Each structure stands twice: as C-alpha cells, then as structure tokens.
4 protein chains.
Amino acid sequence: MAYFADIERVQYEGVQSKNPYAFKFYNPTQVVAGKTMEEHLRFGMAYWHTLVAGGADPFGVETASRPWSHYTGMDLAKARVEALFELLDKLSIPYFCFHDVDIAPEGDSLREFYNNIDTVVELIEQHMKQSGKKLLWNTANMFSNPRFMHGAASTCNADVYAHAAAQIKKGLEVGKRLGAENYVFWGGREGYETLLNTDYALEQDNMARMFHMAIDYAKEIGFDAQFLIEPKPKEPTKHQYDFDAATAIAFLQKYDLNNHFKLNLEANHATLAGHTFQHELRVARTNGMLGSLDANQGDLLIGWDTDEFPVDLYAATTTMYEVLQNGGIGRGGINFDAKVRRPSYAADDLVIAHIAGMDTFAKGLTTAARLLEDRVFEDFIDKRYSSFREGIGADVVNGKATLSSLADYALNNEQPRANESGREELLKATLNQYLVTE
Amino acid sequence: MAYFADIERVQYEGVQSKNPYAFKFYNPTQVVAGKTMEEHLRFGMAYWHTLVAGGADPFGVETASRPWSHYTGMDLAKARVEALFELLDKLSIPYFCFHDVDIAPEGDSLREFYNNIDTVVELIEQHMKQSGKKLLWNTANMFSNPRFMHGAASTCNADVYAHAAAQIKKGLEVGKRLGAENYVFWGGREGYETLLNTDYALEQDNMARMFHMAIDYAKEIGFDAQFLIEPKPKEPTKHQYDFDAATAIAFLQKYDLNNHFKLNLEANHATLAGHTFQHELRVARTNGMLGSLDANQGDLLIGWDTDEFPVDLYAATTTMYEVLQNGGIGRGGINFDAKVRRPSYAADDLVIAHIAGMDTFAKGLTTAARLLEDRVFEDFIDKRYSSFREGIGADVVNGKATLSSLADYALNNEQPRANESGREELLKATLNQYLVTE
Amino acid sequence: MAYFADIERVQYEGVQSKNPYAFKFYNPTQVVAGKTMEEHLRFGMAYWHTLVAGGADPFGVETASRPWSHYTGMDLAKARVEALFELLDKLSIPYFCFHDVDIAPEGDSLREFYNNIDTVVELIEQHMKQSGKKLLWNTANMFSNPRFMHGAASTCNADVYAHAAAQIKKGLEVGKRLGAENYVFWGGREGYETLLNTDYALEQDNMARMFHMAIDYAKEIGFDAQFLIEPKPKEPTKHQYDFDAATAIAFLQKYDLNNHFKLNLEANHATLAGHTFQHELRVARTNGMLGSLDANQGDLLIGWDTDEFPVDLYAATTTMYEVLQNGGIGRGGINFDAKVRRPSYAADDLVIAHIAGMDTFAKGLTTAARLLEDRVFEDFIDKRYSSFREGIGADVVNGKATLSSLADYALNNEQPRANESGREELLKATLNQYLVTE
Amino acid sequence: MAYFADIERVQYEGVQSKNPYAFKFYNPTQVVAGKTMEEHLRFGMAYWHTLVAGGADPFGVETASRPWSHYTGMDLAKARVEALFELLDKLSIPYFCFHDVDIAPEGDSLREFYNNIDTVVELIEQHMKQSGKKLLWNTANMFSNPRFMHGAASTCNADVYAHAAAQIKKGLEVGKRLGAENYVFWGGREGYETLLNTDYALEQDNMARMFHMAIDYAKEIGFDAQFLIEPKPKEPTKHQYDFDAATAIAFLQKYDLNNHFKLNLEANHATLAGHTFQHELRVARTNGMLGSLDANQGDLLIGWDTDEFPVDLYAATTTMYEVLQNGGIGRGGINFDAKVRRPSYAADDLVIAHIAGMDTFAKGLTTAARLLEDRVFEDFIDKRYSSFREGIGADVVNGKATLSSLADYALNNEQPRANESGREELLKATLNQYLVTE
C-alpha cells in the first residue's frame, strides 16, 4: 500500500521552483567534479527519526501524524518497512540505516527479539532486492532499555554486558545478511553520571574488550563492513566516553583498535562538543579516520541535541569541502540523522524536510567543488606555508633541524621573514560570493 | 628591601580566625594520610599573575597597585625577583613557575633577550640558594609577541618557528640551571582562527617535530625534568590543538611522544572544554599522564578564562581525591595559575588570595583523605562492579569471553542480575557531611 | 496502604549520622533567626517528579520502580494521592504542588478531565484534612498535550487558546477549593521555535489577555492566592517568552500586570538563562517580586534542564541569604522541583533525595543566618558605599545633583576619593569558613 | 596626507568581481524597496576598532600595522581624524561613532581631557563640513580607566560617579556641536563581579538618576539626539545590568525612562545573552524601542565578545527583515562595531573587512526585501493566526472573552480546529532559495 499516495516521486525543478515537493538543487545525475551528485552524496534515511519517532520531548508527548501509526506490534514493524521503501523511492534516497529496536519489537525475551528481527529482516531483504536500495549501516540500540541505565559495554552489571554482546552479535549477523556497508557503535549510555560512583578504568577496558570481540566475530562470520564509532560528548549521559573525534581516536589508539575503526561524525554532536563540524571532519581525515556522516544541525544557542534537518549552506559547503578533500566519503554516506520539528508534525513534513536537507547538501557540494576547482583556499594556503618548502623550513619538515640549528638560525637572522595577514575576512567574503552564485 | 613590610609571615590560626592574613586550614606540618600537608600539596606561585600582571582586561587598563611598579626595564625585572621571594617566604610557598618573558625583558633582539634572561636567572639562583625555594617549572611564552600571531610550533612562518625553537632551547637550559622539576608547553597560539586558511596536517606534524627536538636537546644537556603539555580548548585562539586531556593524549600517542610527556592540567581550562576538573584528572591518571596542576577556577556561567583563585571546596576535594588516588602528584605540584579580580587591586590582595587558595586546597585534602580512609566511595564502587569479579563478568575481564559465549549466556539467563541504584544523591549528600565536619 | 512500609518517619540525627534515612541538618523545630526551620523553609513536594515521572529521557524509557506503578487510570491516580501523603508524612514536608494532569487522567474530553479532577481533588481534600498538609500551589499543564504544540496562551489556534483558558479556570477553582497559597503559570510552550513563522506581538498580547482574564476570574470566585509566573529561557521551546526574572518583569510592567503577579524562581532555569540563582532572587526581591522557589540544581556543564535535587551548599546558602534579606518567602515556599537521576531508580531514592535537598537547605539557612547575624557582608557593603551617604554622594541620592553640579565637583576635585579593593577573594574565603563550621 | 594612498575609492563591481577592493553587493545608489541602499543602511564606522585598536588580546600585545602608529599624543589623535575621513571617503561610509577617549588623550586631569577633546572636535568639525560625513553617535568611555573598576553610574565611589557625570556632560555638548543623531550609553562596568559585595538596589537607582540627569541636561542645552542604551550581558563585568533588550526595557519602564530612550542593539551581545540577533530586534521593535544597530558577529562556539566583521548572510537577511518591518532604522544606523582578526593585521584588512561587512548587509537587504515583496513569511503567518480574526479568536483579541466564555466554548467544541504544521523546514529551505538567487 502507499502511505504517501498524494506525493509523486520528487523531481529536480531548479532553484526557482515554488513546488514544495521538488528538488531545487539536488539533481542526482548532474556531474560535479567528475562524479554524479548521487555518487558523491550517498544519502541515507534514518529509520528511527523518520519511521519510528513521533515528536515527543521531555515536556510533551508525540505529536506526529503518521499514516502507519494505527498499527501495533509486528504489524507496525512491517508497515514501517513498507513506508521506508516508499519514502526512499519517492525521495530517490539510495541508503538507509537502523538500530535493531527500530525495526522490531523487543518482545519479552532476547530470544523473541531475535525472532522478531529475523522476521522483519526477511521483509527488508525482499524490499531491498526489489528496489535496489541498500543498507548504509545498522547498529544496536543499547541505551533506551532500562537495563542499560548504567551503560552497556561500560555497565557495572555483567549480565547487562552479556545482553549487549548478544545484541551486537545479532547486529553483525543482520548486517552481513543485508550487505551493510558499515556497522556503527554509538555509546549513548557509555559514560558516567558522576565519577563518585564510577570505575572509569574498568569501564574503558571493558568497552575495548567488547570492540575486540566484535571485530573477532565479524571476521569469524565474514562480515567485512567498515566499523564506525560515533562520538558524542554528552546527552543522555552527563559525560560520554567518545566525547569527540580526538577522544575516540585516543581510545582507539590506546587499545590497538585504530586500524579496525573509522568515525561516524554527526554535526550536532560536534557543536555540543564545542567544535565546528568542519573541525571534526578535519581531525578525522587528517588521521585517516573519516568514515561516514550523520547529517543534521543543532542550534548553537541551545545546549541539547536538536537533530534538525540540515539547512545551513555554510556548514554544508565546508562539510562537502572536507569530503572532497578526503577523496570522497568512501564506504560511508550522508545519513539524515535528523527529525522534523515537533510542530512540523504532518506526514508530508518528512518529505519536505528530506528535500531541504538533500538540497542543502547538493548546493554545498557544487559550491565546494567550485571553490576547489578555482583553488580559492588552496592557493592561499600554499603561499602561506611556502617557507616550509625551502631553507630552514624545509630542514624542519625533513627532520634535519635541531633546537640548536634553529636557535643558531634565529640568533643570526637579522631580517626575519615578516608574517603576512591571515586574510580571514577576505576568505569569508569570497566564500559568500561562491555561495550565492552558480 | 621589603615590599610587604606590613605583613608578617602568615601563620596557621585555625578555622575560627578572623585574621585575614592567617591560614584557617593550611597547616604545613599537619600530617594527613601519612604525609605533611606541605609534602602533599607542593604549592607553587605563578610569576606572571602575581609579579607581572596588573588587572588589564579587553575593556580596561591595569588597576593593580604594586610596590614595585615604579621600576622599569631590568630594574623592574630585579624588583620582581625580590618581591617573589618575599612573597614565597611570607606565604610558605615552596615552589614557583615562570615564562621566559615574565622574568626578563625581550629587548631588541634574541641575543639581548638571552642576556637579560641570564642576568635575572643568576639573581634567581642566588635567591633560591638562600631561601631553599624551588622551581616547579618554567616555560617559554610563545604567544604574546606579535611574531606568534599565526602560532609558534604551528606557525606558517619558518623563521618564527626557528625563533620559537630558540626560546625553548634557552628555556631548557634555564630549567637545567635552576633545577626545574618540570618543563611546560602551553600552546596559546597553537591552533587556528579559521580552517579556511590552515594546513592542519602540517601544523600538527611541525608541533610534533618541535617536541621531539626538545626531548633530544634536554637529553643532550642532561636536563631530566618531566615534560608537560598543558591542554586548553580555546582562547586566545578559536581552536587550540591541545583541546583537553584526551586530545593531548591522542596527539602524543600518534607521534610517539606519550612516554616523554605528562599533562599539566588546569581547572579553568577543563571547564572551558566542557569537563569538570575531576574528569580531566581522571582521564590523565587512568592513562598514567597526571603530571602537575594549575590551580584556579573559572565561572561556569562565563565563557572565557577567568583564572580565579580557587575557593570552591567541592572542586578542591575532588581534585585532591584524584591526586591521592594517583599516589600523589609526583614531581608536579599545585601552581596557583590564578589572578586577583581586577577590583581586588591592592597589593595585600595577593597575599589574601593565596591564603584563600591554599586554605581551600588544605581543606580539600583533609576531606578527601577522610573520604578515602572511610572508603566512602570505594566500598560502594567495589560492590557496584562486583559482577565483573566472578562468573561471566570475570570471563570478560580475563579475556575468555566472546560475543558468542556472551550471547549464549544472555539467551539462557532467565533471571538476569537486576541493576542497583546508582545512589548519586546519597553519595553527594554524604560528601556534604564530610565537607562540613573535621 | 503503605507504599514505603519499610521506611520510618525520618528523624533528625545530626551531621555525624550514617543513617541514609535520617536528617543530618534539617531539624524542623530548631530556631534560627527567630523562627523554626520549618517556618523558614516551607518545603513542598512536586507531584510530577515524585509521584508521576519515571526516569524517561529523550534516549530512554522509564526506569523507575514505584510501588504504585502496577495501577492504571483512576486507580493509579488515587494510588498516587495515597503515596503523596505517605511521603509528605514520612519526610515531614508540609506542602505539595501539582499540575492538573499530574493528579488526574485527561480522558477523552475536557468534560471527562473535569470530572476526573473533581474525583481526585475530593480525595486530596480528605487527605489534607486528616494530615494537615497544605497545597503550596497548583497549575495547569499546557505544554504536554499535542494540542499545545504551537503554544497555549500564545498559540496560533484560537480553539487551543480556549482549551487553555478552560484548564486555567478549572485550576483556579481547584486552587480555591484546596486553599492553595499560590497559583503558578509556567509557559513551557509559550515562545517560538522560529521567528520566521511567528506573530510575536500578537502572541505577547494574547498572553497578557489570558493573565488578565485569570485575575478577573480569581477575583470573581474569591480565590485570593498569590499569582506567580515562572521564568525559563528555553526548553522545550527554543525561546520562551518568560526568559528570566527581568524579562518577566518587563512583560508584567508593560501589560499592567505587575501588581497582580510575583515570580516563582527555579534554580536550574536561572542557570540556563546565564544567571546564578542568587541573581534571579536579587532581581526579584529588589523589584518586590520574590514569590516562591522551585528548588533544584542544574549541571552548569550541561545545556538542558536536569532538575537535580539541590545538594550544593554554596547555592543553598546564597539562596537563603536572599530569602532572609527578603524577610522570608512570604506565602511562597521551597518546592522540590527535582527528580532523582535516572539510575537512582529505586523507590527509596525518592526519600533519600528529599532528605539530601532538605538537609542542604537547612545547612544553607543556618549558614546564611550566621553570616547575617555577624553582618559579614553587610558591614563591608555599608562601608563600601559610604560615600553616597554624605557630601556629593548624598546629593546624588537625594536628587539634588545635576550633570553640571557633578561636573563642577569633578573638575575641582583635586584629590578624588581612591577606590578601595572589592575584596572578592577575602569574602569568598570567609564564606568557606562559615560553611564548614556551625 | 593619505594613509591609504594605494587604495582607490571602492567601487561596486558586482558579484563576479575578483577585486578584493571592490564591492560585490553594495551599490549605494541601487533602489531597493523604494529607497537607495545608502538610505536604508546608513553605515557607520567605529572609531575605536578601526582607528584606535591594534589587535591586543588577553594573551598578546598589539599586532596591527597602521600607517599612523608612529605618532603619539595629540599628533596621533589628529592623524586618526585624518585617517578616519580618508577611510569614510574611500569606503563611501556616511557616518562614524566614537567614545570620548577614542578621539583625545585623557591627559593628567579632567580639565586637560576637556581641552584635548575640544581641540580634536574642532578638527573633526572641519572635516565633517568638507566631507559631508556625519556623526551617528558619540558616547563616553566609562570602563577603561582604573577609576571605573567598580562601575561608573553604578560605582560605590561618589567621586567616580561625579567624574562619570562630567564625561557624560561633555559628551552631550560634543554631540550637540557635531550634530550627532544619537547618544549612546554602554555600561561596560555597570554590573557586578559578585553579589557578596554589591548594593544592587542602590546601584540601579543611581544609574537611573544619572540617566535622568542626562535627559535634563540634553534638554537644557537643546541637544535633541535620540538616547540609546546598549545591552550586553557580561564581559568585562561578570554580570552587566543591561543584560539584553528585555532587561533594559524593564529597567527603563521601572524608572520612567522608556519614553526617553531606545536601544542600540549589537549582534554579538545578543548571542552572548543566549539570543539570536533577530530576537533582540524583534523584542525592541515590538516595544517601539529599536534605535540603532552595532553590526558585527560573534562565534557561537566562543564565550566572549569577538566583534567580528559580519559575514553571515542569514543573520544579515533576518536583521534587515526586522529593520524593513520596522519601517527602517530611523535616526539610527548600522555601525560596524567590529574589529579585524588579530592575524588580519595589515592596514588594508581594514578596507577589506568593511567591504565584507557592507556587502553582507547589502545582500541581506536585497534578500529581505524580496522575501517581503513576495510575502513569503507574511502570507504564511496571516493564515496561521487567522483563527484570531473571527469567532472566539476575535473575541479574545477584542477583549470580549472571559475564562468562563472560553471554557464554555471549549467544553462544547466537539471538533476543535486542528493545528497545522509550523513548516519550519519548508520556510528555511525557501529562505535558502532566496539567498542564492537575485
């Protein structure tokens, strides 16, 4: 059946279109910097926000009006699968992502949960075959159930740890069956509420143990997806262990996991940690750890995770700039980990909001590509650091310099090279010019 | 001469004293947990805030009234040395810390700067011998001079890089001469204002190169101080590379520097990064990286570095709790990187503020020691994590578990161990009881 | 029946007690500054957090284990009433507070809701008579139901506005029947998500109209409670109209409502607005608007409303300092608008957490009273501003000065009065002395 | 003489121009919504940032290279006047703004300061006559000098209060002489560092007294400028009394000053207070208090006032949207209270940065004008609130409704009007379309 019968498959109509159900920037087959937009952007839909969530917040119940919300139990689970593939089709989104609990009810036991998952996965598999849609990544939700109140891989309760392991095991099996490109770990309860009751060292060690077991099991079953850690600094937990990209990298290095993992970076998580999204991307790509993106945006005047659909052209441009500099997003994608505002409760807001996000990234892509083609920042940077390509600077880079040789140079350097202006205002004004032109 | 002639050496008078120039909690010879307070706390005075700074802020000039402020040039430099040792003596503070530019004017050339340093260092050395006071750490200021506008070890200008190296070289020599326990690197301009003009990867590499050169030179001259990196997330730079403890550790691991460095952690830097100070200490000590402390406090409703003298008993208690758990602060100390408020401009505010800070840490020490002696948190934590000392939990910790074994266990675990309450409110109320009693 | 049969009525045992179910500071009959602790503190219990909520957060479902949670519908409503009065009794808390939806299910129609309310109110009334417990305030929840997605008194939908009015009308009637001391308005959805779709001026006007109608109706039915507005800057709405005390006062002044309202101030709302709680209290009392307190605390490193039980002795001391300076809290009280942490899910955590909060305020009260008795801050302030009690300063205060007379004075004032140190460090260290002594 | 001899008068060259010294959007004579860009925007240059400041920050000295920086004393003061008018001319900026201390050295006495001011004002007057440039506003700097460490109008020292009055008196005289359109009060030290030493009520009263005296004196000398208060929440002071627009309005209402003042709103001050700039503008215009704008931008991940040149097209568009809705900025203007980044230290960065800011506002203006012309948001809002133009909604607006009539309506309203989606995502996506097209 069709849940969005009134909505046609969304078409590209260009920037002047006044049709709310049309793309203004996203033209999947348009070639940008040698690839189509579709190939660059690898958009994904987030099962939880789009098929499951309903607009509840800490001060109010759900508002969403969804054409499948009269169902319950496994019927609801199946209806959501149908709605997913209809939306993917109508929006020309090639990928989707889910947590285990998004697709199937937990039931009364782990065994029942496994069975429910199997039933729904079979349905998903059929739809995937028919539609050609693909699984960008799946994951296990180890934060909503009360059992995880003290954490999952970082819990103080060994039985809960075992349960978490069982969910991950099943998740890896599901990922393999559905050909997932990636498998994600987001540790919503991996952290602490207060250090007064926390064995921080044991919790860190246990998390590393779980990751190693996951790697081993994936190898055992021949699941070769890219493993991703998704950093977030806080919320729901007061402090989360994967605070930001650098913290996750420190952890992965310490426990000899860095060759097995990359990062799934989320815009709103970056800003909650005090960083721009571009910063997190830069840290990751400089460390060879850029895995995949959760596309959304926060409100920087707000201290919690608002997961808004991305509509900021500056952020989209700098994001795609980093992705292009990275040589693309690889096996990752751009997953809309975003939810419609609570008052945007109508079913077609889901369509409109994805269009908004896809258009924003499409415009970000074309702007970033033109900036790179014209080497707007690259030429500036090349010149700026040119002193490290000759003389004493080259000695530094080549490892020939010592404190003594540098001090000698400095002592005898009667006319040191003057600094040049960083030209931040000029560069930002130039970015504006690129943004408002084609 | 005496700059604080009206102030006697500060004595311990106990908590009921109304004498502003007496200690209420700090009793240097009092034994706590097996050591004297003096041995535990290893207080240091910060040359820059106490001898040099004058209360200027971005909207106003200096307010401070200092009995040595009529001097200029090298006379001022010498007067500050005298004032330092007088204050150390009157406050019974055993250590001090300085940047190169704190003790000597830069003059018109690097050579002149070296000479000025040598002159003042000789004077400091004499005072140290006479007084028994010691150098906790020294460092090079590579952020105030305009040449460092684009960074020092992360500059885009190779000649500036060489100058920075020359300052570090001299700093290491001075440290060796004065028997410094530690040598500190704080990268106030090591970061970026905007990624649009920044070669992030080169800057990181160059920083690592500088650190390696410093290690090599210290070895060459036989200077065996502990090397410390001091993280700070931002300010003056928009983003600083040593954002927090975890970020610094990631960097040190990546560049094979982690065996050569520990961390100098500062309370106000922690909160600017979104962490409690206790968190930063816990991260560092869990990684074997707890080096030394910069004691101060910020205002959590304020977004910049206020460097207030520490007067929060909660923070002091949790800080000393971590230090005691670490087996002490080692070669590090507790340096008052703190400044009197701009309207606290009188000379004796310097004395009063240090008393406030020392008393706060003394009370924090005794409270933490009693909490540990009574195992208030330890017993709770031991019980909380007890499931990892037996059965399936022990298998996890011992490396015997796999995803499959854990999943089997979970599937057949009909009565999983219930979670127990985290008791955060009880633990915090208990902390209050300890805080207000002796 | 008894839901907390294992817990005796909580007794005062003093600061050395290790009994988690005893007061360490709160001794209801102890006289402080001329009144008993009970008279000063007028504690209230919050129905929503303690009887209704269960620890859900945006990333997880309820964890709470409550002995009444097996009931549903009106049975649950009645069980909660019983549990309330049992807890009030066991904790010696004299007051309680509720929203309409806390006490009764909304049912399928407004009429049914009215009926449900009437049924439960009758039960509450009986319990009040038997126990002597009193209603500090009641209010209408006009933020949880989906109908309020765009606001209640500031909605764009006139039918929703009418519904809100009907809830307020009933609330005023219930308040009168139960002898409420106050009636509260908290506008959780009175604000906007984006100005792009908002008629700000109309929304403000309509809010004022609703308040005037409420005043008129209260007068009509002879309900003479104190009306209170509760400011909060944001959450759930991106921007809420009653941002903070000053903003609420501006609104009340503009719409000629300031003689009919006072403020219900909440600690965590203050910090979310960038203020200390003491600041909000000072603003309110200076404007004669200090009405009542919602006692809790936030985590200043966290950007959302955590509503923790208050355990910070500094905050409690400065809060009670303002209350004492205000001549008491009047018809208001200290309502624990606080929830146990999600992992503190056990039923007795409710008891423990209230003890923690009550003890914290009791200690804050005694400390503030001693500070005032000794005029620690008052004498300092008197001296500090003494120049405004004589000469040119007195002319200013008495309205005799003009710019010209002041400029003449300044031009001819050859030795202007020097500023004196603000002594912030000394005052804070002195506060510490008072805090840790009796 | 010419300080910027190498730079021609800046011309409009259009969005494709690659000339850093050309306008890409600002075309002064272009007509938008019935007025020229020049008439709409009324740009002003800030004396302090552009002619005086040099890039110092709390961790570093000045970096700026200014062609007039070799002068000192009154020669420097005169050189800055020449540089000002040259820059105003080259940038086609019609207005400027200054503090008293920006234009003249304070000297050794108030009398000398008056004399210095008179000398420079005469020079400014001559340049104004020759050039046709105008004074948007002037003000007195009552925050930089140490005497103001405890405040100016809110000081605890009556002699300092008198000195502040003398500066304001002179400022009003200077404003009258130079035909200033406005006179501004920004209270950088009007606030407190800690409430522990503060007589908040007296300080507020004294501030109001000063404002009344200023009104009286302006009337006395026939100076009819618009008086403006400039809110800022904090920095340099921990809490500033004019926290935001609403707080300033509350103060002005309380002290019967609201008919004599409007607000000078600054973007970076808005965000430091937790608001968007659009919010502050909306509050002000709804209260008839929109006076003038300080154009700049902050970095929302940074907690201090960065005063960056405005380059955010979203902010500029929503700002100009509010200004257009206000019927223009009246006697106010758009003053670039912005400074070049410390590493943008070259003299021509001043020109480039102003171009960036002017272009940003020009593009914001044209985008806002098109949005209004097409009634993009207006039609949506009209429809959204239509229920308040008929039936029960009209009764509310017309004052005919009561709680009883509304409750009756609600009780009998069997099919309440459904809420409609707020369409935030659609509106923001539409804004993007307008932003990137002409």
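Basis of the calculations
Residues numbered from 1 in each chain as written. Chains lettered and ligands numbered in written order. Predicted model: local features only at pLDDT ≥ 70, side-chain atom pairs only at ≥ 80, totals over all residues. Heavy atoms only, no water. Helix = DSSP H or I, 4+ residues; strand = E, 2+ residues; numbered from the N terminus. Rg over C-alpha atoms; globule rule 2.2 N^0.38 Å. Buried < 20%, exposed > 50% of the residue type's maximum accessible area, 1.4 Å probe, protein only. Contact = heavy atoms within 4.5 Å. Areas by Shrake-Rupley, 256 points an atom, 1.4 Å probe, with all protein chains shown as cover. Lys, Arg positive; Asp, Glu negative; His and termini not counted. Charge placed at Lys NZ, Arg CZ, Asp CG, Glu CD. Least-squares fit on C-alpha atoms with pLDDT ≥ 70 in both. Axes fitted to C-alpha atoms, helices over the stretch in contact; angles between N-to-C directions. Parallel < 35°, antiparallel > 145°, perpendicular 65-115°, else oblique. Left-handed = near helix turned anticlockwise from the far one by under 90°. Expected span 1.5 Å × (residues − 1). Polar contact = N/O pair within 3.5 Å; in protein donor to acceptor, adjacent residues only side chain to side chain. Phe/Tyr/Trp six-rings, centres within 6.5 Å; stacked < 30°, edge-to-face > 60°. Buried area = accessible area lost by both parts, 1.4 Å probe. Salt bridge = Lys/Arg side-chain N within 4 Å of Asp/Glu carboxyl O. Nonpolar A, V, L, I, M, F, W, Y, C, P; charged D, E, K, R; others polar. Pairing = 2+ DSSP bridges.

Draft legend 1. How the structure looks around the overall build of chain A. Check the secondary structure of chain A and you find 16 helices and 14 strands. Against the compact-globule benchmark of 22 Å for 438 residues, chain A has a radius of gyration of 24 Å, which places it among compact chains. Seen through its principal axes, chain A has C-alpha atoms that stretch 80 × 60 × 45 Å. Going through the 438 residues of chain A one by one, you find that 69% of them count as buried. A fraction of 76% describes how many contacts in chain A between residues 6 or more apart in sequence connect residues 24 or more apart. In the form shown here, chain A has an accessible surface area of approximately 14,100 Å², with 47% of it arising from carbon and sulfur atoms. Computing the positive centroid from 42 side-chain charges and the negative centroid from 61, chain A places the two 2 Å apart.

Draft legend 2. Here's a closer look at the relation of the copies chain A and chain D. With an axial shift of 0.0 Å and an RMSD of 0.0 Å, the rotation relating chain A to chain D amounts to 180 degrees. The transformation just described matches what one would write down for a two-fold rotation axis. Among all C-alpha atoms of chain A, that of Val436(A) lies closest to the rotation axis, at 2.0 Å. Interface residue correspondence from chain A to chain D reaches 100%, placing this contact among same-surface, isologous pairings.

Draft legend 3. How the structure looks around the packing of helix 12 (residues 347-373) of chain C against helix 16 (residues 424-435) of chain C. All names here are of chain C. As a packed pair, helix 12 and helix 16 sit with axes 9 Å apart at the nearest point and diverge in direction by 125 degrees. Comparing the axis directions of helix 12 and helix 16 gives the class oblique. Considering the relative orientation of helix 12 and helix 16, their crossing is right-handed. For the pair formed by helix 12 and helix 16, the contact residues are Lys363, Thr367, Arg370 and Leu371 on the first element and Leu431, Tyr434 and Leu435 on the second.

Draft legend 4. Helix 6 (residues 158-178) of chain D, seen in detail. All names here are of chain D. Taking 1.5 Å of rise per residue, the 21 residues of helix 6 would be expected to cover 30 Å, and the 30 Å separating its terminal C-alpha atoms lies within 8% of that figure. The buried count for helix 6 comes to 18 of 21 residues, which makes it a mostly enclosed element. Its side-chain oxygen placed 3.0 Å from the backbone nitrogen of Asp159, Asn157 serves as the N-cap of helix 6. After helix 6 finishes, the residue Gly179 shows a positive phi value of roughly 65 degrees.

Draft legend 5. Examining the packing of aromatic side chains more closely. Using the criterion set out here, one finds 110 aromatic pairs over all chains in the structure. Each ring, one from Phe211(A) and one from Phe251(A), has its centre 5.9 Å from the other, and the planes form 75 degrees; the classification is edge-to-face. Highlighted residues: Phe211(A) in helix 7 (residues 200-221) and Phe251(A) in helix 8 (residues 245-254), separated in sequence by 40 residues. Classification of Phe211(A) as buried rests on a relative accessible area of 6%. A ring pair is formed by Tyr321(D) and Phe377(D), whose centres lie 5.8 Å apart and whose planes are at 75 degrees; its orientation type is edge-to-face. Remark: Phe377(D) occurs in helix 13 (residues 376-384) and Tyr321(D) occurs in helix 11 (residues 313-325); sequence separation between them is 56 residues. With respect to class, Tyr321(D) is no different from Phe377(D); both count as buried. One aromatic cluster in this structure is built from Tyr183(A), Phe185(A), Phe211(A), Phe227(A), Phe251(A), Tyr255(A) and Phe261(A).

Draft legend 6. Expanded view of the interface of chain A and chain D. Counting residues at the interface gives 48 residues for chain A and 48 residues for chain D. Looking at the side of chain A facing chain D, the largest losses of area belong to Leu301(A), Glu425(A) and Val436(A), adding up to 19% of the total buried there. Taken together, chain A and chain D are joined by six salt bridges. One salt bridge connects Glu308(A) with Lys428(D), and the closest N-O pair in it is separated by 4.0 Å. Linking chain A with chain D are 24 residue pairs in polar contact (both at pLDDT 80 or more). Among the elements that line the side of chain A that touches chain D, the one with the most residues is helix 16 (residues 424-435) of chain A, at nine residues. Considering only residue class, the side of chain A that touches chain D consists of 20 nonpolar, 14 polar and 14 charged.

Draft legend 7. Region of the structure containing the relation of the copies chain C and chain D. For these two chains of identical sequence, chain C goes onto chain D by a turn of 180 degrees and a shift of 0.0 Å along the axis, with RMSD 0.0 Å. Most of the interface of chain C is mirrored in chain D, where 100% of its interface residues are also at the interface.

Draft legend 8. Molecular detail of the interface of chain C and chain D. On the chain D side, the residues contacting the 92 residues of chain C number 93 residues. Both faces considered, chain C and chain D share a buried interface measuring about 7,900 Å² in area, 61% of it formed by carbon and sulfur atoms. The interface formed by chain C and chain D contains zero salt bridges. At the junction of chain C and chain D, the tally comes to 44 residue pairs in polar contact (both at pLDDT 80 or more). Residues belonging to the side of chain C that touches chain D are distributed by class as follows: 47 nonpolar, 26 polar and 19 charged.

Draft legend 9. Examining the sheet that holds strand 7 (residues 134-139) of chain C more closely. Residues and elements named next belong to chain C. Ordered by their spatial adjacency, eight strands build a closed barrel running 5-6-7-8-10-12-13-14, and the pairing between neighbours is parallel. Averaged over all pairs of adjacent strands, the angle between their axes in this sheet comes to 30 degrees, without regard to strand direction. Across five bridges, the pairing between strand 8 (residues 182-186) and strand 10 (residues 226-230) is parallel. What sits directly across from Tyr183, in strand 10, is Phe227.

Draft legend 10. Seen up close, the packing of helix 13 (residues 376-384) of chain B against helix 16 (residues 424-435) of chain B. All names here are of chain B. Relative to each other, helix 13 and helix 16 sit at 160 degrees, their axes nearing to 11 Å. Comparing their axes, helix 16 and helix 13 come out roughly antiparallel. Every pair of crossing elements has a handedness; the one defined by helix 13 and helix 16 is right-handed. Judged by residue contacts, Val376, Phe377 and Phe380 of helix 13 engage Leu427, Thr430, Leu431 and Tyr434 from helix 16. Tallied by class, the residues present in the contact of helix 13 with helix 16 amount to six nonpolar, one polar and no charged.

Draft legend 11. Examining the pairing of strand 7 (residues 134-139) of chain B more closely. All names here are of chain B. Burial runs high along strand 7: five of the six residues are buried. With five bridges joining them, strand 6 (residues 95-99) and strand 7 adopt parallel strand pairing. From the neighbouring strand, Phe96 faces strand 7, where its bridge partner is Leu135. Across two bridges, the pairing between strand 7 and strand 8 (residues 182-185) is parallel.

Any functional reading would require information that these geometric values do not contain.
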